[in-house]
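The residues making up each chain are set out below.
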Amino acid sequence: MRILGIDPGSHVTGYGIIEKKGNYLRHIAHGEIKSKKESLLSEMLISVYQQLSDVILQTAPQAIVLENIFYGKNVRSLIKQAQVRGVAIYSGADKDIPVFEYSPLEIKKAVVGYGRAEKRQVQVMVKAILKLPELPPA
């Protein structure tokens, strides 16, 4: 099974594609979608949609996974993140790919074994699990 994981962000949307065969996980690709700071929100959302759609067409995932929104202090950035999440969900849903959502706690617990792990700990474990030559971007 091929899985596309998406970390939606208002400035940077990260993604990674893995393939799961039995208990073996293989890294296919990863990258970041960055928006220009001066972009209109509508331009940024279209760009994220187009680039995620390209990734989907190139890698043919059978499922998409993304992080549930979590509470923060900056409401404006949460609203933008929610809009990017909507675009990410739509980018898979309009191609009939099931989309699953998990909390940051669930993701960290699955990867590191501890739900309150720091980003660096997650990076180190992802590198080890997927046998990457270097740490993936945060």
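Above: the structure in question.
Residues numbered from 1 in each chain as written. Predicted model: local features only at pLDDT ≥ 70, side-chain atom pairs only at ≥ 80, totals over all residues. Heavy atoms only, no water.

Participant: What should I look at first to understand the layout of surface pockets in this one?
Facilitator: Unoccupied space between atoms shows up once a probe the size of one water molecule is rolled over them. Quantified by volume, the largest pocket comes out at close to 1,600 Å³. If you trace the largest pocket, you find 45 residues lining it, with D7, I107, V111, V122 and V126 closest to the centre. Of all the elements in the fold, those that place two or more residues in the lining of the largest pocket are β1 (2-7), β2 (12-21), β3 (24-34), β4 (63-67), α2 (75-93), α3 (104-112) and α4 (119-130). The element that contributes the greatest number of residues to the lining of the largest pocket is β2, accounting for 7 residues. Looking at the lining of the largest pocket, its residues break down into 26 nonpolar, 13 polar and 6 charged. (1 Å grid on protein atoms, 1.4 Å probe; cavity = no way out; pocket = protein on both sides within 12 Å on 5 of 7 lines; lining within 4 Å. Points joined across faces, edges and corners; volume = space filled by probe spheres on them. Helix = DSSP H or I, 4+ residues; strand = E, 2+ residues; numbered from the N terminus. Nonpolar A, V, L, I, M, F, W, Y, C, P; charged D, E, K, R; others polar.)

Participant: Can you help me understand the sheet that holds strand β5 (residues 99-102) in this one?
Facilitator: Hydrogen bonds between backbone atoms are what pair the strands of a sheet, whose relative direction is either parallel or antiparallel. Spatially, β3-β2-β1-β4-β5 is the arrangement adopted by the 5 strands of the open sheet, whose pairing is mixed. Each edge of the open sheet carries a strand with a single partner, namely β3 and β5. For this sheet, the mean angle separating the axes of adjacent strands, direction not counted, is 20 degrees. Relative to β4, β1 is paired through 4 bridges, and the arrangement is parallel. For I6, the partnering residue across the bridge sits in β4 and is L66. (Pairing = 2+ DSSP bridges. Axes fitted to C-alpha atoms, helices over the stretch in contact; angles between N-to-C directions.)

Participant: Whenever I open this one, the pairing of β4 confuses me. Can you help?
Facilitator: In the case of a regular strand, side chains alternate between the two sheet surfaces. The element β4 is largely enclosed, with a buried count of 4 among its 5 residues. Where β4 and β5 come together, 4 bridges link them in parallel fashion. By the bridge assignment, E67 is partnered in β5 with Y102. (Buried < 20%, exposed > 50% of the residue type's maximum accessible area, 1.4 Å probe, protein only.)

Participant: Even after reading the chapter, I still don't get the packing of helix α1 (residues 41-59) against α2, so can you show me in this structure?
Facilitator: Angle between the axes and distance between the axes: these two values describe a pair of packed helices. Closest axis-to-axis distance for the α1/α2 pair is 9 Å, and the angle between their directions is 35 degrees. Relative to α2, the crossing made by α1 is right-handed. On α2, the residues that touch L41, M44, L45, V48, Y49, L52, S53 and I56 of α1 are K80, Q83, V84, V87, A88, Y90, S91 and G92. In terms of residue class, the contact of α1 with α2 is built from 11 nonpolar, 4 polar and 1 charged. (Left-handed = near helix turned anticlockwise from the far one by under 90°. Contact = heavy atoms within 4.5 Å.)

Participant: I'm lost on the pattern of salt bridges in this one. Help?
Facilitator: A side chain of one charge can pair with a side chain of the opposite charge if their charged atoms are brought near each other. Going through the model one piece at a time under the given rule, you end up with 6 salt bridges. E19 serves as the salt-bridge partner of R2, at 3.1 Å between the closest nitrogen and oxygen. Of this pair, R2 sits in strand β1 while E19 is found in strand β2, placing the two residues 17 residues apart along the sequence. Both residues of the pair, R2 and E19, count as buried. With a closest N to O distance of 3.9 Å, K21 and E19 form a salt bridge. On the accessibility criterion, K21 (56% relative accessible area) is exposed. Salt bridges linked by common partners bring R2, E19, K21 and R26 together as one network. (Salt bridge = Lys/Arg side-chain N within 4 Å of Asp/Glu carboxyl O.)

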